[in-house]
Amino acid sequence: MAKNDGACATPKQIRTDVDCRSARPKFDKGAWSPAKISDVTGGGLYLFVTPDKSRPGNAASKLWRMSYRFYSRQKTYSIGPYGNGRDGTFSLADARRERDKAKDLLKEGKDPSTEKQLDKHRQAAARPFEQWADEWLAKK
């Protein structure tokens, strides 16, 4: 049976960046399963830690998510992967800022997940065809 090496216990709640780094999937009924570790500041923010099948006890990914209700329906807003915040990832502080932005959108009556998708489409539409073609040719 695989077990965690015990170097760092998985925190019950995220308080600091150290807690984010030490977060591990949970071991339940003889198997590793994803863990949801809530942020201590609340607001529905949590770190979703998935297990690595090739290295039991280690995290394959750590993703920031936020649970919220929109028109009485339970929804999940995906913020992005945990990291240092410099390479497309989100640090704890960045994730809290994104959560606050999403809460502001909810106050305005807008769905944060839908707004995120619309922003991606707007950015893609604003890019000139020539730039898109050059990027495509560079990949090929």
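Above this note sits the structure.
Worth saying up front: this structure is predicted, and the values here are computed from it rather than measured.

A. Structural view of the environment of Ala35. With respect to the helices and strands, the residue Ala35 is situated in strand β4 (residues 35-39). Take Ala35: its relative accessible area is 7%, and that puts it in the buried class. In this structure the C-alpha to C-alpha distance between Ala35 and Arg15, which are 20 residues apart in sequence, comes to 16 Å.

B. Up close: the pattern of salt bridges. Scanning all chains against the criterion turns up 10 salt bridges. With a closest N to O distance of 3.1 Å, Asp52 and Arg55 form a salt bridge. Owing to a relative accessible area of 17%, Asp52 belongs among the buried residues under this scheme. In this structure Arg55 comes out as partly exposed when scored by relative accessible area, which is 44%. In this structure, the salt-bridge partner of Arg122 is Asp119, at a minimum N-O distance of 2.7 Å. Here Arg122 pairs with Asp119, and both are found in helix α3 (residues 112-126), just three residues apart, close to one helical turn. Looking at Arg122, the relative accessible area reads 46%, which means it is partly exposed.

C. Up close: the pairing of strand β5 (residues 45-51). Across the seven residues that make up β5, a large majority, seven, are buried. Here β5 shows a buried face lined by Leu45, Leu47, Val49 and Pro51 and a second buried face lined by Tyr46, Phe48 and Thr50. With four bridges connecting them, β4 and β5 associate as antiparallel partners. Its bridge partner being in β5, Ile37 is matched across the sheet by Leu47. Taken together, β4 and the strand that follows it, β5, pair antiparallel across an intervening segment of five residues, in which Gly42 is found at a positive phi of about 80 degrees. Note: β5 against strand β6 (residues 59-70), seven bridges, orientation antiparallel. Paired with Pro51 across the strands is Ala59, a residue of β6.

Rules of the game
- Residues numbered from 1 in each chain as written.
- Predicted model: local features only at pLDDT ≥ 70, side-chain atom pairs only at ≥ 80, totals over all residues.
- Heavy atoms only, no water.
- Helix = DSSP H or I, 4+ residues; strand = E, 2+ residues; numbered from the N terminus.
- Buried < 20%, exposed > 50% of the residue type's maximum accessible area, 1.4 Å probe, protein only.
- Salt bridge = Lys/Arg side-chain N within 4 Å of Asp/Glu carboxyl O.
- Pairing = 2+ DSSP bridges.

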